Amino acid sequence: MNRHERYEHGMKVLEQVDGEAGQRVVDSLADVSPELGHQVVAWAFGDMYARPELPPRDRQLVTLGVLTALGGCEIELEVHVNAALNVGLTPSEISEALLHSAVYCGMPRAINATLVAKKVFGQRGLLPITNAG
């Protein structure tokens, strides 16, 4: 595929996974780094997210775990919590994944990620979540 075809393919994947939230991220880069926006679409979504070896819901679980572990990724977490819901993860599964991340990346990062998820769940009318063991 050429550069334009990779971008078009990536946009289809981005729309399926992230919907409007993903487009807003790309749009926010347009006046400061349009090439970064292009790479998000063409490479991250067109090449990586489109790979058949993992289904979209599994890719989102990995993404949520990594963003939680990195910390300071609240903007991206908000996009990807929405994406996780879009590809079939339930609020309870997302909350459980973020709880599980506390074991490996610590409570503060897990709490920050969970509060981002709470914001998204609230916006989508999905609260309260009950996953107490």
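Residues numbered from 1 in each chain as written. Predicted model: local features only at pLDDT ≥ 70, side-chain atom pairs only at ≥ 80, totals over all residues. Heavy atoms only, no water.

Structural notes on the overall build of the chain
Then, number 1: Assigned secondary structure in the chain consists of 7 helices and 0 strands.
Then, number 2: Going from N to C terminus, the chain has its helices and strands arranged as α-α-α-α-α-α-α.
Then, number 3: For the chain, the C-alpha radius of gyration of 15 Å lies close to 14 Å, the compact-globule estimate for 133 residues.
Then, number 4: Overall, the C-alpha framework of the chain stretches about 50 × 30 × 30 Å when taken along its three principal axes.
Then, number 5: Within the chain, the proportion of its 133 residues that are buried is 36%.
Then, number 6: Pairs at least 24 apart in sequence give 67% of the contacts found in the chain among residues at least 6 apart.
Then, number 7: Carbon and sulfur atoms form 60% of the exposed surface of the chain, whose accessible area is close to 7,700 Å². (Helix = DSSP H or I, 4+ residues; strand = E, 2+ residues; numbered from the N terminus. Rg over C-alpha atoms; globule rule 2.2 N^0.38 Å. Buried < 20%, exposed > 50% of the residue type's maximum accessible area, 1.4 Å probe, protein only. Contact = heavy atoms within 4.5 Å. Areas by Shrake-Rupley, 256 points an atom, 1.4 Å probe, with all protein chains shown as cover.)

A word on the pattern of salt bridges
Then, number 1: Within this structure, the stated rule accounts for 7 salt bridges.
Then, number 2: One salt bridge connects Glu20 with Arg24, and the closest N-O pair in it is separated by 3.9 Å. Here the residue Glu20 and the residue Arg24 both occupy positions in helix 2 (residues 19–29), the gap between them amounting to 4 residues, near one helical turn. We note that Glu20, like Arg24, is exposed.
Then, number 3: For the salt bridge of Lys119 with Glu78, the shortest nitrogen-to-oxygen distance reads 3.1 Å. One end of the pair, Lys119, is in helix 7 (residues 107–123); the other, Glu78, is in helix 5 (residues 74–86), and 41 residues separate them in sequence.
Then, number 4: Assessed through its relative accessible area of 43%, Lys119 is described here as partly exposed.
Then, number 5: Sharing partners across several salt bridges, the network here consists of Arg57, Asp58 and Glu93. (Salt bridge = Lys/Arg side-chain N within 4 Å of Asp/Glu carboxyl O.)

Considering the nonpolar core
Then, number 1: Counting residues in each nonpolar core, the largest one holds 15 residues, and the members touching the most others are Leu64, Leu77, Val81, Ile94, Leu98, Ala117 and Phe121.
Then, number 2: The set of elements that each furnish at least two residues to this core consists of helix 4 (56–70), helix 5, helix 6 (91–105) and helix 7.
Then, number 3: Per element, the largest residue contribution to this core is 5 residues, and it comes from helix 7.
Then, number 4: In contact with Ala117, other than residues within four places in its own chain, are Val81, Ile94 and Leu98.
Then, number 5: Counting 11 residues, the second-largest nonpolar core is a separate cluster that includes Met11, Leu14, Val17 and Ala44. (Core = buried A, V, L, I, M, F, W, Y, C linked by side-chain atoms within 4.5 Å.)

Looking at the confidence of the model for the chain
Then, number 1: Across the chain, the average pLDDT comes to 95, with 98% of residues at or above 70.
Then, number 2: No element of the chain has a lower mean pLDDT than helix 2, at 89, and none a higher one than helix 7, at 98. (pLDDT = per-residue confidence, 0-100.)

Points about the environment of Val26
Then, number 1: Relative to the assigned elements, Val26 resides in helix 2.
Then, number 2: By relative accessible area, which is 7% here, Val26 ends up buried.
Then, number 3: The spacing of Val26 and His38 is 12 residues in sequence and 7.7 Å in space, taken between C-alpha atoms.
Then, number 4: When residues no more than four places from it in sequence are discounted, the contact partners of Val26 are Tyr7, Leu14, Gly37, Val40 and Val41.

Re unusual backbone geometry
Then, number 1: That bond from Leu127 to Pro128 is cis: its omega, 0°, falls within 30 degrees of zero.
Then, number 2: If you trace the backbone, Pro128 turns up in the segment after helix 7.

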